[in-house]
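What the coordinates show
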Amino acid sequence: MQKEKFSQEEESFPGDKTAHRESGAQSEVSQQSRNQPEKKSKPTRKQQLDWLHLRMTILLLSFLFLSSLVSIMAAAEPAGCKIRITDKGLEMLKFETQKFVEEELSNISMPEMKGEEGRFHYTITDVKITELNLSHADLRFIPDVGLLFDVQNSSISLSFQRRILYWFFYDTGNINASAEGVNINTGVNLIRDDEGRLKINNISCDAKIKKMRAEFSGTLGRVYDFLARFLTTGMRFFLNQQICPALNHAAMVHVNSLLETIPVRTEVDQYIGIDYSLINDPVVTLRSLDMNFRGMFFDLSHQNIPLVNYAVEPVIREYDRMVYLALSEFFFDSGMFSYYSAGIFQMHIVNEKMPKDLEVLLRTTYFGAIMMLNPALVDAPLSLQFAVNSPPKTFIKTSGATVVMTAIVKVMVLPPGQPPVQLSSMTMEAKFNAKVSMSGKRLAVHADLRRFKIFSNQSALESLALIPLQAPLKTMLQMSVVPLINNWTKRGVRIPLADGMDFIEEVVEYHNGFIVIGANLHFSKGLREMMAGSSDIEPTTSTSTV
């Protein structure tokens, strides 16, 4: 210890005892500080605020990231159903729109006008629009916005009553006026609302009347011609002020009420419903309006079961017809899944429903099994129980559409007054051709049995014994099961079109993974009649019937 202490002193500055003492004192202090717990310094107010700002920034960035991720996931949802309205369909809609606009403008009401010019005092009342000539009208798409209704160089004819006082002379009569160079430019912005429904969000409108003329009738008609300049100026001002509000009310109230009649989430029958909500805003180009719908069926007793769409998204490339409807495999698969979930794909064939030749074959095939169970059951009734064991799957190719179905078939003997006894269980695999058709607004499917196979779930030997049952079971399937399926599907399901608008001249094309139906449009009602019918319908999201 002394040697170590001596060596340490030699390493210090020789002769400096104060330094040695200070060094020793510092060593003792540092040794004590190491032995004692270190005290943490309290953060300052500024440090606390900086830490709080840092945490808030991290939370904000996390929220923005999650919001972006959810938006991307929502935008990535493929459409099960698409509808395209082309510029050719818009051409037909233009005629109906023009009639509707003329009717709306004809209902414009104008206030009483009073004024004076020198010694003339006049009053204008009973203003009526007698004729509209909107022959130079056009309806076209505005990319990324919606629709544009444009009227150029048209005319409006009016009539109204005058009362004029000049000194002691009082005169009344009729005035015929005409507005020329009428230009109306109305843009309609189309969006998807919160319920997934197509809706007019807002409109932009600009209306101008270049000139207006008035013709007086009555005793002093020619004398008052010079007053026409003052009267027509006021009339032109009031007309300019009334046109856009009238069109705005027509679009935001009447047209939106018509759009509310289009089914969004509605019942198909007592078992299933369909979701036609838009998954995004409509896509508008110079040539078309494209709408992407979810196109998903659901079981009414389990409406919140989510179905993920992994199918190929439909693609519409054509513009030759007025309207196109595209349906993916997911559209049909969700319907099959919903019926399967509702327990529809089950059947019990017994007694008079059982074909006699099939019953004889079943008794012959399972005679030994019955004798081993109980010889007294030889004359007991036999039954077949069909139950689909997984949702049927749809396959769409260029050659057509097929549906593959797998079911468990049980052969049962029914002892009187006793529980049924199972004789055998077999698996049935069936493949159906599915023919899609369109009529009006209803989409229907007709199924035909294409391939049929049964095999035993118990042994390969029993599968060989079932070969004689193939033909009669196939016949029974065609006579009993297939008509039952077609009975559900022949009524069809309504597509998302407004009342009074139907498909005609339909052409069905099959592609890999989806179907495209091209058609022309037919209006069985005018827009005014369609809107009059919609005014009595209260908007709903789940109680309409397709």
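Residues numbered from 1 in each chain as written. Predicted model: local features only at pLDDT ≥ 70, side-chain atom pairs only at ≥ 80, totals over all residues. Heavy atoms only, no water.

A word on the layout of surface pockets. Reported here for the largest pocket is a volume of approximately 530 Å³. In terms of lining residues, the largest pocket is bounded by 32 residues, among which Phe332, Met336, Tyr339, Val445 and Thr489 are the most central. At the level of elements, α6 (329–341), β17 (400–413), β18 (421–439), β19 (442–456) and α10 (470–489) are the ones that each hand at least two residues to the lining of the largest pocket. Grouping the amino acids of the lining of the largest pocket by side-chain chemistry returns 23 nonpolar, six polar and three charged. (1 Å grid on protein atoms, 1.4 Å probe; cavity = no way out; pocket = protein on both sides within 12 Å on 5 of 7 lines; lining within 4 Å. Points joined across faces, edges and corners; volume = space filled by probe spheres on them. Helix = DSSP H or I, 4+ residues; strand = E, 2+ residues; numbered from the N terminus. Nonpolar A, V, L, I, M, F, W, Y, C, P; charged D, E, K, R; others polar.)

Before going further, it helps to examine the state of the cysteines. Scanning the model with the defined rule gives one disulfide in all. Linked covalently through their sulfurs, Cys205 and Cys244 form a disulfide whose S-S length is 2.1 Å. As the torsion about the S-S bond is roughly -80°, the Cys205-Cys244 disulfide counts as left-handed. Here Cys205 is found in strand β7 (residues 198–216), whereas its partner Cys244 is found in helix α5 (residues 228–259), with 39 residues between them in sequence. (Disulfide = S-S within 2.5 Å.)

Before going further, it helps to spend a moment on the pattern of salt bridges. Taken as a whole and assessed by the stated rule, the structure comprises 18 salt bridges. Note that Arg265 is salt-bridged to Asp275, the shortest N-O span being 3.3 Å. Linking Arg265 in strand β8 (residues 265–267) with Asp275 in strand β9 (residues 272–275), this pair joins segments that are ten residues apart in sequence. In this structure Arg265 comes out as partly exposed when scored by relative accessible area, which is 23%. Taking relative accessible area as the criterion, Asp275 reaches 6% and is therefore assigned buried. Here Lys453 makes a salt bridge to Glu429, at a shortest N to O gap of 3.6 Å. One end of the pair, Lys453, is in strand β19; the other, Glu429, is in strand β18, and 24 residues separate them in sequence. Connected through shared salt-bridge partners, Glu77, Arg265, Asp275 and Arg294 make up one network. (Salt bridge = Lys/Arg side-chain N within 4 Å of Asp/Glu carboxyl O. Buried < 20%, exposed > 50% of the residue type's maximum accessible area, 1.4 Å probe, protein only.)

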